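Notes for the structure review
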Number of protein chains: 4
Amino acid sequence: MTTGKDLSVCLIGTGYMGKCHALAWNAVAPTFEDVPRPRLELLVEVNEQLAARRANELGFARSTGDWRSAVADPNVDVVSIASPTWFHAEMAIAALASGKHVWCEKPMSLKLSDSEKMADAAAKAGTKVVLGYNYIQNPAIRLMKKLIQEGEIGEVNHVRVEMDEDYMADPDTPYNSFFSGPQAGGALEEFGVHPLSLLQVLVGDVAAACADQWKPYATRHDADGVNQPVATHDIAGALLRLDNGSAGVFAVNRAAWGRKGRLVIQLYGSRGSIYYDQERLNEMRLYTLSGDPALHGYRKILSGPLHPPYQKFVPTPGHGLGFNDLKVIECRELLRAIAGEPAHVIDFNKGLRIERSIDALARSVKSRAWEQVIQ
Amino acid sequence: MTTGKDLSVCLIGTGYMGKCHALAWNAVAPTFEDVPRPRLELLVEVNEQLAARRANELGFARSTGDWRSAVADPNVDVVSIASPTWFHAEMAIAALASGKHVWCEKPMSLKLSDSEKMADAAAKAGTKVVLGYNYIQNPAIRLMKKLIQEGEIGEVNHVRVEMDEDYMADPDTPYNSFFSGPQAGGALEEFGVHPLSLLQVLVGDVAAACADQWKPYATRHDADGVNQPVATHDIAGALLRLDNGSAGVFAVNRAAWGRKGRLVIQLYGSRGSIYYDQERLNEMRLYTLSGDPALHGYRKILSGPLHPPYQKFVPTPGHGLGFNDLKVIECRELLRAIAGEPAHVIDFNKGLRIERSIDALARSVKSRAWEQVIQ
Amino acid sequence: MTTGKDLSVCLIGTGYMGKCHALAWNAVAPTFEDVPRPRLELLVEVNEQLAARRANELGFARSTGDWRSAVADPNVDVVSIASPTWFHAEMAIAALASGKHVWCEKPMSLKLSDSEKMADAAAKAGTKVVLGYNYIQNPAIRLMKKLIQEGEIGEVNHVRVEMDEDYMADPDTPYNSFFSGPQAGGALEEFGVHPLSLLQVLVGDVAAACADQWKPYATRHDADGVNQPVATHDIAGALLRLDNGSAGVFAVNRAAWGRKGRLVIQLYGSRGSIYYDQERLNEMRLYTLSGDPALHGYRKILSGPLHPPYQKFVPTPGHGLGFNDLKVIECRELLRAIAGEPAHVIDFNKGLRIERSIDALARSVKSRAWEQVIQ
Amino acid sequence: MTTGKDLSVCLIGTGYMGKCHALAWNAVAPTFEDVPRPRLELLVEVNEQLAARRANELGFARSTGDWRSAVADPNVDVVSIASPTWFHAEMAIAALASGKHVWCEKPMSLKLSDSEKMADAAAKAGTKVVLGYNYIQNPAIRLMKKLIQEGEIGEVNHVRVEMDEDYMADPDTPYNSFFSGPQAGGALEEFGVHPLSLLQVLVGDVAAACADQWKPYATRHDADGVNQPVATHDIAGALLRLDNGSAGVFAVNRAAWGRKGRLVIQLYGSRGSIYYDQERLNEMRLYTLSGDPALHGYRKILSGPLHPPYQKFVPTPGHGLGFNDLKVIECRELLRAIAGEPAHVIDFNKGLRIERSIDALARSVKSRAWEQVIQ
C-alpha cells in the first residue's frame, strides 16, 4: 500500500460492532502484512469514564465523551462510526465536513432522507466512505461473485434470500421502548439491508417489490406485568424484481427459534446454482453442468487459500475464518480505498440504493401493492 | 380391517404415478398385514395392446383401452385415476356416478370449475375419494403434525415452503406444446398444490395471497431450431396469509438446477421450530426450548418404529423409507376410509380448498394485488 | 428375462428379514416389469398356525410348520431362508440337496466350518445361491463401484468402514440368553459382514487384520434384578490390510447411542475420494480433481434414473428409495442369476471369503496379534 | 488479571503458526479486555533482514537473527516458539534456563528423549509452559468437556478419532528431503498429537495401542523426474485402550483427497454420544436420552455466548469463530497461567503424556503387536 504515513483512527462506540471495529484496527496490519499499523488515536464513548476504560482495554491512546470534538480532531484521519443507528447520519456528516474518511456501520440511518444527506455529504467531502457490510467480504461470497461474473452458473434468473435469528423469539421478553418508540425498527429495517447488500454485490439491486410484515406477538408484558401493544414487526417477506431482470423471494425473521446467524442465499441460473448459509460461513455450495450428468451434484467448497484473502489468515484450507475476520478484510478494503486503490466496498452511494430498496418494501407493506424502487 | 370381501381395483394409467399406484396395490396387504389382498382386476391404458402388456407386467387380471366401460364395470369397487391431469375430472365424475370409490392423483384438474364439479360428484356419490397427496403420509410429516397439535413448538406464527426440481432448467430443452398449449401449466399449477397440501395438514389453509411468477427462458427453440415464445412460467413466488392467523412465504421452481425433489418446509412457532427437506424424507429437524439453553439446537430425528406406520416397513429405525412406500401408506389410508374408519387423507373437499388457494395465487399474478381465497 | 415359467417360491421365516423377502417377492415383477410374477407357493414358520396366518398376510398360497418337507417340496423352485442365523446352514444345505435355488440371509452361519459346508453344498448342487447382502444393491453403491472401476478416484489406498446402531446401548436392557448363550454373538459377528461385503464389492477382500473388541457393560441385570456377566462384545475395531494392497480401519458398535442405521464408508484414492453414510442411502459424496482447484469440493450426488436400477422405482431423481427397495433389486438379481444371466450378487463362495475375514478378526481378538485371512 | 506489569514477548518464527502467535499477541488484550496489552518486544527470524521486515509487519519493536541471544534477553518475559519442530527442544530449554515463560508449538519435538528433557527443564525452571494445542480451546470442545464431566452422556465407553487433510494426496508432488531425511515425519508424527490432545482433555490418555501405517505412494519423482523411494507414511491407524477403561479407534491421513481440516471425534457413552468435525468448528452434535424417545436425535449446537469464551469475540450466537480465534483464547490461558490462575492448557507434563502415546503407536508399528504406553 502506498500511504505515506500511518492513518490515525477515531472510534465511536464500543458495543457489538464497535468492539468489532477495534479488533479489526488492531489486526489489519499484522494480518495483511502490507499496510502500516494504524494509529489508534481516539476513542469515543457516552461519557469520559467509560471512554477512558474502553480506550485502555481496546488499545486507543486517547479518549473522550464528546464525539463532536472527536470527529473534528485534527489528529484524526478516519472515523469508525459504530454508535446506534440513529446517530449515524449526524456523526457521519460531521466527520465528512471535517474532511475525515468514514467507516460507518449499517444500516445508514433510520430515515431515507438522512441517508440521502449522508450520500450528499460524502460526495461533497471527497473523502472515502465505507459502510460496514462485512458479509460481502467473506472469501466465499467473493468466490460467488467471481463465479457469477464468469458465467459459471449462467444467467441468474431466480434468487431467494433469508435472514433469521431468534433474539426476539421469546414471547416472554419484556416490553421496552424499542418495541414502539421512535427508534423502534422491525426485522425489515434491522435485517433487510444484509441480504440486499449481498444481492447487490452478487446479482443486482431491487427494482420493484411487494412486501408484507407480521408480528408473532401483538403484545408483550412490561416490567409490571402489564400487556403492552407492540408496534414493531419481527417478521417480513417480499417478492422482488431485480434490475438485472431476474426475480426473487425475500424473508427475514428475528423471532425464528433455533436460527442464530442464518443468512441463506439461493441463486439459480441457466447453467447452475449456488447455495450459501452464513451459519457455515466457510462453505459454499455450487452446482454446475460440467462432466458426466450422472455425477452432477452440489459441491461443498470449503474456503481456503485459493479464495483470497483467506490466505492472509491461514495458509491451509478448511481451517475456518470467523465473523471478526470478515471485519479485518473490510478494514483492509477501507485502507485500499483511502490509498486510492480499487476496493471491494459498499460506499454511501451504493448503500443508498439498498436503503431505497428497503424504503420500497416498507411502502409496499403499507400500500398492500407493488412499489417501484426510486433510485 | 373390517371389509368383508377383497376390494376389486381398476387402475387407469401406468406412467409415473400409475405405476406407483400399481406398486402400492401390490404391496399394501403384505406390508400392513391387516388388510385382505386387493384384487387387481382391470387395467386401463390408451389402447388395448398397451393395456394388455401393462396388465401383465403390473399384475392385473384384465385390461382394456376403454376407460368409460372400465369405470362402470360391475366387478370394480375402486378406481385409481393416474391419467394426465386434464382427464381427472371426467374420469372421476364417471367413476363416482357408477358408485365407485376413487383414488385420484393431484392436482384435481386444470380448471377450478372442474374441481368443484368433482367435489359435488363425490358428495352425491357418497363413496370414498382420496387424492394422491402421498407426501402427507410420510411418518416424518405425521410426526410434525402431532408435535404441532400437541403444542411442542407453540403457536405457529411464520411458515416458509419451497418446492424445487430441475427438469425444466435446461434452456436447450426443445419447445413443445406443453409450453403454450391449452394443457400447459407452470410451476404454480404443477407444483403449488404440494406445499399447500402440507401446509393444510400441518398449519392451515391459505386465506389470502399475493403472488408473482417468472419465466427463466422467454423462448425455446423448436425441433426445427426456430425460437418459439413460451407461455408457461417455471418459477413462482407468493406471500401468504393463512387462516390460522399466521403468515408465510412460498416459492416454487421447476427450473432450479441441482434440485431434484426439494420440498422444504420451515415452521416457526412461539416455542420452537421445525425444518424438513423432502430430499431427505426420513429426517426432520426440531428445535424446542426444553432443557439447558446452552444445549439447545436443531435435533435431527430419523424416522423409525416410534413414528407410525414406519414399523410396518422396517422394525429398526434409521433404515429408510422410500418415495413409493408413502404411496403404500396412502393406499392403506384409502382402505381405512372405505372401511368407514378415520383416515388421514385429503378428500375432494379438502383438495378443493387447495385448488381454490392456487386459484387465488393465479388471480394475484394477474391483478398484481393481494387476492382473497374464496372457500 | 428368459425363464420359461414362473418361479415357485418357498419362504422360511417372517420376522425382520423374512417379511422383507416377502415384500420383495411381491414387488419384483411389477417393479421391474420384465420378469414373470413369481408364484408365492409355500410359507414356513415355527408352527402351522403362525405359518397359516403369515401366509395369508404375506400372500403365500400354502403354509407349513415343517421346514424340512418344505425345502424338499417338488413344487418349490427357490427357497428364501430368513430364519435365525443358526438355522441357515442346515436349511440351505437341505434345500440345495433337493436341487433348489437358495436365497439366504447373512451372515451365512455362526461357525466357519458350517459356512464352508454351505459353499460345498452349493458347488455340488449347481443351483443358484445368493446371500442377502442387500446393501450392495443400492444404486449409490453400484455407482461407487462403477466409479472405482473406471478409475474416477484413482487407485484406492485407504479405506475406513464403520457400522453403528444403538439397540444394545441401553445399560438397562435386561440380560437374556443372547448375551452369553451358544447363539450369542457380538458386534463383530453380527455387524462385521456388512461393511466387509461393501469392501469386497468396492475394493477387495481382507488379507490380514488386527482386531480388538470391548464390552460397554460387563454385566446386565436379569429379570430378577440380579447382575449377570455378559459374554458378548457390543463394540469392535480392527486394522485391515486388503488384498488390493490398500489398508484400512474398521469399527462396529451396536451400543452407539444415536446411531440407527449408520454404515459409513470412506474410500481414499490417488485421484479422489468417496464418502457414504447409509442413514442417507440416496446420497453419495464424491471428490475428484476435475476442473478449477478453487472449485474442488465433495459433491453430493442424489440417486436418480441415471443410476440403475433406480429408474425402475421412480422416474424422477432425488425422490428416494427405501431399505426395502434394495431387497427388491436383490430379488431381481437372484432371478437374473437363475436365468443364467450375469448378476450382481454375493454367492456362497464370495460370502465365504467374508466369513473367513471375520474369522481372522475373531482370531486376532484372542491372539492379540495380526492374523492372516486364510482363503 | 492480576499481573502488575505488561508482559514482554519474544516470538521465534513467523511462518504458519508464528504468524498465528503474532495475531494472538496483537488481539488478546482488546478481545478479552481484562488483560494489559503485552509488549511485542522482539522478533526472531532466520536472518536479520527477514526478522526486521517481519517485526515491522507483525508489530514487534525489535528484531534479530540470533535466537540464542533473544531467549536470554533480559527485556523478554515470555518466548513464543513457532520454529520448525526440530528446534523446539533446544530453544525451549534455553528459554527456560533463562527463566522465561514458554509458549511452544506442538509436537514438542521429534524425539521422545528431547520431549522428556523439555519437561525436565520446565520442572526446574518453575516458569509457565504452554503447548500450542489450540484446538482444545474451542468453546465447542470446552462444552464437550463440561458435558462429559457432568455425566451428560454417561460413562464414555468408545471413542473414535480421525484427522485428515490432503496436502500430501497428490502423487505428483515432487520428492524432497522431507520424504526421507532425518527431519522426515509421517502422519503419525505430524498429526497424531492433535486427536490425542483432544482425547486427553475429554476422556483420558492412551494406555496401550496397536498401530499400523501405510504409504499411498511408495515412490515420488524428484525434480529431475527420477523416482525416489519415500520413507514417510502419510496414513496411519490404531486401536487404542485408554486409561479410563474405554477403547477406541484412531486414523490419520494427510493424503486424504477432499479433506482440508477434518478432525472428527466420536464419543459414545452409556447415556448419549457426541460428534464433532473441526471443518465445522462452531458446531457440535449431542445425543442424549432426555424427553420423549420418539424425539431423540442428534442436536446441532451452534457455538454462542453461552459457551465461554465465545462471548468475548461476538455477543450473538451462531456468528462463528475462526481458527485464529482459538489461538487468542490459548494466549489468554497462557496469561492466566502466568498470573498464577487456573488455566485450561496442556503444559509440558501433559504434552509428554501425548508424546509417549505417539511413541507407543510408533513402537507398535514396528513390533506388529500391542504396546503399552510408558508414562
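Here is a short report on the structure shown in this document. Just so it is clear, the structure is predicted and the values come from calculations on it, not from any experiment. Here the residue index of a chain counts from 1 through its sequence in written order. Chains and ligands are labelled sequentially in the order written, the chains with letters from A and the ligands with numbers from 1. Whole-chain, interface and lining totals are the exception, using all residues; otherwise, since this is a predicted model, local features are given only for residues with pLDDT of at least 70 and side-chain atom pairs are given and counted only at 80 or more. No hydrogens and no water enter the side-chain calculation; it runs on all heavy atoms of the structure.

1. Quick look at the sheet that holds strand S2 (residues 39–44) of chain B
Residues and elements named next belong to chain B.
- Sheet architecture is open: 6 strands sit in the order S3-S2-S1-S4-S5-S6, paired in parallel fashion. Every interior strand has two partners, whereas the edge strands, strand S3 (62–64) and strand S6 (129–131), have only one. Between one strand axis and the next, the sheet turns by 15° as a mean value, whatever way the strands run.
- For strand S4 (residues 78–81) and strand S5 (residues 101–104), the ladder comprises 4 bridges, and the chain directions are parallel. Looking at the pairing, Ile81 lines up with Cys104 of S5. Any two strands are treated as partners once DSSP identifies two or more bridges connecting them. A run of H or I in DSSP becomes a helix once it reaches four residues, and a run of E becomes a strand once it reaches two; helices and strands are each numbered from the N terminus. Here, axes are lines fitted to C-alpha atoms. For helices the fit covers the stretch in contact, and angles between N-to-C directions go from 0 to 180 degrees.

2. Remarks on the interface of chain D and chain A
- The contact criterion used is simple: two residues touch if any of their non-hydrogen atoms lie within 4.5 Å. With 39 residues of chain D at the interface, the matching set in chain A holds 39 residues.
- Summing the contributions of chain D and of chain A, the shared interface buries around 3300 Å²; its carbon and sulfur component is 49%.
- A carboxyl oxygen of Asp or Glu within 4 Å of a side-chain nitrogen of Lys or Arg is what we treat as a salt bridge. Linking chain D with chain A are 6 salt bridges, by the criterion used here.
- We note a salt bridge from Arg280 of chain D to Glu283 of chain A, for which the minimum N-O separation is 2.6 Å. Values labelled buried area give the accessible surface lost by two parts on being combined, using a 1.4 Å probe and summing over both.

3. Thoughts on the packing of aromatic side chains
- In this scheme Phe, Tyr and Trp rings, the latter by its six-membered ring, pair at centre separations within 6.5 Å, and the angle between planes marks the pair as stacked below 30 degrees, edge-to-face above 60, and tilted otherwise. Tallying each qualifying case throughout the model produces 40 aromatic pairs over all chains.
- On the numbers, 6.1 Å between centres and 65° between planes, the contact of Tyr167 of chain A with Phe191 of chain A is edge-to-face. Separated by 24 residues along the polypeptide, Tyr167 of chain A in the loop between strand S7 (156–164) and helix H7 (187–191) and Phe191 of chain A in helix H7 bring together distant segments of the chain.
- Between buried and exposed lies partly exposed: a residue is buried under 20% and exposed over 50% of the maximum accessible area for its type, with that area taken using a 1.4 Å probe on protein chains only. On the accessibility criterion, Tyr167 of chain A (37% relative accessible area) is partly exposed.
- Classification of Phe191 of chain A by relative accessible area gives buried; the value is 4%.
- Ring centres 5.4 Å apart and planes at 85° place the aromatic pair Trp25 of chain C and Trp103 of chain C in the edge-to-face group. Residue Trp25 of chain C is located in helix H1 (residues 16–32), and its partner Trp103 of chain C is located in strand S5 (residues 101–104); the two are separated by 78 residues in the primary sequence.
- The class for Trp25 of chain C is buried, based on a relative accessible area of 1%.
- Taken together through their ring pairs, the aromatic side chains of Tyr16, Tyr135 and Phe323 of chain A make up a single cluster.
- By the criterion adopted, a ring carries a charge over it if an Arg CZ or a Lys NZ lies within 6 Å of its centre and within 35 degrees of its normal. Directly above the ring of Phe32 of chain A sits Arg332 of chain A, whose terminal nitrogen or CZ lies 5.9 Å from the centroid.
- Lying across the ring of Trp370 of chain D, Arg368 of chain C places its NZ or CZ 4.2 Å from the centre.

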